[in-house]
Amino acid sequence: MANLEIGGIDCRRLAEVSGTPLLVYDEAKIEGQFAAATSNFKSEKFETEVVYAAKAFSCKAIFEKAKEAGAGLDVVSGGELYCAQQAGVDMKSVYFHGNNKSEEELRMALEAGCGTIVLDNRMESQRLVNLAAELKRPIDVLLRVNPGIEAHTHEYIRTSGSDSKFGISIKKAEEIAELIQPVLNSEYVTFKGFHSHIGSQITETEGFEKALEIMIDFIREMKEQYRITAGCLSIGGGFGIKYTAVDKPIPLGEMAEILARTCETLIAEKGVALKKLLIEPGRSIVGEAGYALYRVGFSKDTDSKHFLFVDGGMSDNIRPALYQAEYSCDIATRMGEPKDKTFCVAGKNCESGDILIKEAKLPSSVCEGDLLVIYAAGAYGYSMASNYNRAGRPEVVFVKDGKARRVLRRETYEDQLRLEADEQLTI
Ligand SMILES: Cc1ncc(COP(=O)(O)O)c(C=O)c1O
Ligand SMILES: N[C@@H](CCCC[NH3+])C(=O)O
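The shown structure was predicted, so the numbers you read here are calculated from the model rather than taken from an experiment.

Cut-offs used in this document
Residues numbered from 1 in each chain as written. Chains lettered and ligands numbered in written order. Predicted model: local features only at pLDDT ≥ 70, side-chain atom pairs only at ≥ 80, totals over all residues. Heavy atoms only, no water. Helix = DSSP H or I, 4+ residues; strand = E, 2+ residues; numbered from the N terminus. Rg over C-alpha atoms; globule rule 2.2 N^0.38 Å. Buried < 20%, exposed > 50% of the residue type's maximum accessible area, 1.4 Å probe, protein only. Contact = heavy atoms within 4.5 Å. Lys, Arg positive; Asp, Glu negative; His and termini not counted. Charge placed at Lys NZ, Arg CZ, Asp CG, Glu CD. Near = heavy atom within 4 Å. Polar contact = N/O pair within 3.5 Å; in protein donor to acceptor, adjacent residues only side chain to side chain. Areas by Shrake-Rupley, 256 points an atom, 1.4 Å probe, with all protein chains shown as cover. Nonpolar A, V, L, I, M, F, W, Y, C, P; charged D, E, K, R; others polar.

**Overview of the overall build of the chain**
Step number 1: Looking only at helices and strands, one finds 12 helices and 20 strands in the chain.
Step number 2: The C-alpha atoms of the chain give a radius of gyration of 23 Å, which matches the 22 Å a tight globule of 427 residues would have.
Step number 3: Counting only C-alpha atoms, the chain reaches 70 × 60 × 45 Å along its principal axes.
Step number 4: Here the chain holds 427 residues, and the buried ones make up 55% of them.
Step number 5: Long-range pairs, those at least 24 residues apart, make up 70% of the contacts in the chain with a sequence separation of at least 6.
Step number 6: With 52 positive and 64 negative side-chain charges, the chain shows a separation of 2 Å between the mean positions of the two kinds.

**Points about the site of ligand 1**
Step number 1: Neighbouring ligand 1 are 16 residues, the closest being His197, Ser200, Glu280, Arg283 and Tyr380.
Step number 2: One of the side-chain N or O atoms of Ser200 is found 2.4 Å from an oxygen atom in ligand 1.
Step number 3: Calculation on ligand 1 without its partners gives an accessible area of 390 Å², and the protein chains cover 94% of this total.
Step number 4: When grouped by side-chain class, the residues that make up the shell around ligand 1 number four nonpolar, seven polar and five charged.

**Looking at the site of ligand 2**
Step number 1: Around ligand 2, eight residues are found, and the nearest of them are Arg283, Arg319, Tyr323, Tyr380 and Met384.
Step number 2: Here an oxygen atom of ligand 2 and a side-chain polar atom of Arg319 are 2.5 Å apart.
Step number 3: For ligand 2, a nitrogen atom lies 2.9 Å from a polar atom in the side chain of Tyr323.
Step number 4: In the complex, 85% of the free accessible area of ligand 2, which totals 310 Å², lies under the protein chains.

This is the structure in structure tokens:
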């Protein structure tokens, strides 16, 4: 009976030291993914930049890894921006996204010296121009447009259909040109180009190639029809990873290379001068590097199911309940044993939908006290975790070369009570 090792460390030891549920990141895998993206996303025709999408997993330690890899940072809230500041990220490399940034967040970005705001709509464009003038702070902008591509992924994580809440439909060229006008007249805000993002967990190149073509045609149209020059294009993130044997993603490095080459061909064909191309991977950087370790508790048989309960659940990984997302798992303390029984792996949250894996083949010898590992748990698990049932968020450790470091400590009952208040409000 063997135990799973991550980064040269026995899982049982990790669980003994840190407790469970525990999120373990193999640092070498994170570094490998950053390197695959940055080294393959290169061109002699234009500048390139890899921007890590913080929403996939954010904490100071991962922001530091992005910085070391020479990647920029995509943030979508004051909270992510603040964390980036505290991690010592170069604010010039920060791209601030979001469809409804508050005035407070826009001020914060301007005051922090954030490099680029990715504008979403007309109201935001005018608001930013006014605020930048008031604060006398320079800032670059990209405008998010919606190329209208239906990506092959779950409907909740598609972002680019014509009714998406993000960006402005590419069909509304005149409206887009009008929206950019105040920026072009602004002393402080500089229009750099366009952004598009077609969805997430996309495993084929086709959607991205299509998006590139549509966006490059659009850049040409804006130049010819409206004399608006967009030197910069971000094609967003969304590169898929392998959750189960069904997923056959294109490796991130290959994807990055294909996008750079496709863009070179397209700009040559269409006679478009592009200064810079960006990608914004999130999931593909951290997803497969993350291992969720749970302690097995009780088990029970119902009419048609063998339930195996673990000490976490939808409060640390909402994805199965929210998107019917599928994962693969093992009993980390029984590696190599025959997987001869089908279990339904369920969490401990008070919700029937709190199922992590509907049908998992595992050794029938599994018993209370064993450890269960869910693979590819590094993206959108911790970042979408909640305190449902006052479950505390798990501890997070980074492991590498037989060494482990805690990067986020376990959330305690006391941490939660710190938010309690009993103050009379002056209304
Ligand atoms: C604008 C934008 N960029 C990047 C990403 C990162 O996506 P992913 O984690 O799928 O790479 C997202 C999320 O889907 C996004 O909305
Ligand atoms: N949170 C989603 C992806 C949304 C990406 C953000 N636009 C997931 O877990 O798959």
